[in-house]
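Given next are the chains, with one letter for each unit.
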Amino acid sequence: MDTDKKKKSSGNSNCPELKSRLSSKIVIISTVLLLLICIAVILFSLTRHKMSPPSIITQSTLEEIIKIRELSTFEAVYNGIAQVPNPKDPEKIDYYVSYDSKIKVGMNLDFVDIDVNHTDKVIQITLPEVDITDVNVDIASLDYIFLNKKSNTSTVSQEAYKACIRDVEQECKDEKYIYVLAKQNAENIVTALVSPFVQQLDSDYTLRIDWRVAA
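Predicted model, so just to flag it, every value in this text is computed and none were measured. (Residues numbered from 1 in each chain as written. Predicted model: local features only at pLDDT ≥ 70, side-chain atom pairs only at ≥ 80, totals over all residues. Heavy atoms only, no water.)

### Overview of the overall build of the protein chain
Within the protein chain one finds 5 helices and 6 strands. In the protein chain, the order of α-helices and β-strands from amino to carboxyl end is α-α-α-β-β-β-β-β-α-α-β. Buried residues in the protein chain amount to 40% of all 215 residues. If you take every contact in the protein chain between residues at least 6 apart in sequence, the share linking residues at least 24 apart comes to 77%. In the structure as shown, the protein chain presents an accessible area of about 12,300 Å², 52% of it carried by carbon and sulfur atoms. (Helix = DSSP H or I, 4+ residues; strand = E, 2+ residues; numbered from the N terminus. Buried < 20%, exposed > 50% of the residue type's maximum accessible area, 1.4 Å probe, protein only. Contact = heavy atoms within 4.5 Å. Areas by Shrake-Rupley, 256 points an atom, 1.4 Å probe, with all protein chains shown as cover.)

Shown next as structure tokens:
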């Protein structure tokens, strides 16, 4: 690693260059993923319900349509640098480790609430909050700068791997726009799943998507 990279590893998560690099990769991967998912779910929904169409819109039928336990609505590549402190003196840094990782953000559809109001012809779908569902750090990508040579042991990769997981989780939690985009994608995907079915049965129904307020 060069001197500039070492400076970035000091924990400055507000580095404009790093934010810019992360943002551009997130947008590209997120957009491609959303388009592929929407195309697939629309075709699947139309095909399945043309084969055995129900007569009315019901809550149970809509639950069956979106019966996917976990839905990833956002995927990003993140290249970061974690710092590992000395276990006996946390104020001192033993080493820095750079890494490549992929994260997924999504939600558990088991916690989706669906309400069908036949009087007003309104379908209300309330989604749970999105969160990080998977973090995958490429252990082969780990690259070190040792400040304490004694920390370069045979087990350093195991310790460094855990530090990278913690680092990427923290970095991504601080990037609020990740969750904004994930929620936008979630709304688009659920709309793409449900709308073809609703339009097929009764185009007068209105679909509303809301988010559960955190307790």
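### What about the sheet that holds strand S6 (residues 206–211)?
Spatial strand order, S3-S4-S6: 3 strands in an open sheet with mixed pairing. Of all strands in the sheet, those bounded by a partner on one side alone are strand S3 (113–117) and S6. Looking at each pair of strands side by side, their axes are set apart by 15° on average, direction ignored. In this structure, strand S4 (residues 122–127) lies alongside S6, joined through 6 bridges in parallel fashion. Across the sheet, residue Ile125 finds its bridge partner in S6, namely Ile209. Across the sheet, helix H5 (residues 176–201) is in contact with S4 and S6; its angle to S6 comes to roughly 155°. (Pairing = 2+ DSSP bridges. Axes fitted to C-alpha atoms, helices over the stretch in contact; angles between N-to-C directions.)

### Overview of the confidence of the model for the protein chain
Residue-level pLDDT values for the protein chain average 77, and 72% of them are 70 or greater. Per-residue pLDDT, averaged within each element of the protein chain, yields its smallest value for helix H1 (residues 3–8) (36) and its largest for strand S5 (residues 131–146) (93). Taken as a whole, residues 1–28 scores under 50 in pLDDT and shows 39 contacts with residues more than four places along the chain or in a different chain. Here residues 49–53 is modelled with pLDDT under 50, and outside its nearest four sequence neighbours on either side it reaches 6 contacts, counting other chains as well. (pLDDT = per-residue confidence, 0-100.)

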